[in-house]
Amino acid sequence: MDLPELIREAIAAGRLCEPFSAREAAWSLQDPGWPLQRVHSFLVRHCMGNLAASQILVERVTYGRYRLLYDGPRSCDPQPTKFRRRTTPSLRREDPHPPGEPES
């Protein structure tokens, strides 16, 4: 299982609270496949702001503290239209009155 899924499970089980440090994450996982050095390296490598990151999975809240980025279902936003909507010209402008003619 990959680290973000393990961290999500630890948060859901109440063993880990966000924001978390690499030490807290490694302790809550208690998985020999994810020692502290590997957890720390993963968090730094997949952190928002790392320009070399292939995937951005965590956000650095403060120095040494991270939180997972939410990747669940989102509300459906309407797709942008090709053209922007404009009001009709008759509603935008008043009727033109040449200068010097009285308005009725």
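Reading guide: rules and limits
Throughout, residues of each chain are indexed from 1 in the direction in which the sequence is written. Note on the predicted model: pLDDT of at least 70 is required for a residue's local features to be given, and 80 or more for side-chain atom pairs to be given and counted; whole-chain, interface and lining totals, by contrast, use all residues. By convention in this description, side-chain values take in all heavy atoms of the structure and omit both hydrogens and water. In DSSP terms, a helix is any run of H or I states spanning at least four residues, a strand is any run of E spanning at least two, and both are numbered starting from the N terminus. For the purposes of these results, a polar contact is taken to be a pair of N or O atoms within 3.5 Å, where, inside protein, one atom must be able to donate a hydrogen and its partner to accept one; residues adjacent in sequence count only when each atom of the pair is a side-chain atom. A contact between two residues is defined here by any heavy atoms of the two lying within 4.5 Å. As used in this record, nonpolar core signifies buried Ala, Val, Leu, Ile, Met, Phe, Trp, Tyr and Cys residues forming a set joined through side-chain atoms within 4.5 Å. A 1.4 Å probe rolled over the protein chains alone gives each residue an accessible area, and that area as a share of the maximum for its type sets the label: buried under 20%, exposed over 50%, partly exposed in between. Scored between 0 and 100, pLDDT is the confidence that the predictor attaches to each residue.

## Regarding the side chain of S28
As for its placement among the helices and strands, S28 is situated in helix α2 (residues 22-29). At a separation of 3.0 Å, a polar atom in the side chain of S28 contacts the main-chain carbonyl oxygen of A25. For S28, the contacting residues outside a window of four places in its chain are A10, R15 and L16.

## Notes on the nonpolar core
In this structure, L3, I7, F20, L29, W34, V39 and L43 are the most contacted members of the largest nonpolar core, which totals 18 residues. For this core, the secondary-structure elements that each account for two or more residues are α1 (3-13), α2, α3 (36-45) and β2 (65-68). Apart from residues no more than four positions distant in its own chain, L3 is found in contact with L29, W34, V39 and F42.

## Concerning the confidence of the model for the protein
Scored by pLDDT, the protein comes out at a mean of 80, with 70% of its residues at no less than 70. Element-level pLDDT for the protein is lowest in helix α4 (residues 89-92), with a mean of 56, against a maximum mean of 94 in α2.

## Let's talk about unusual backbone geometry
The peptide bond linking E18 to P19 adopts the cis configuration, its omega dihedral lying at -10 degrees. Looking at the secondary structure, you find P19 in the loop between α1 and α2. With phi around 50 degrees, Q30 is a residue other than glycine that occupies positive phi space.

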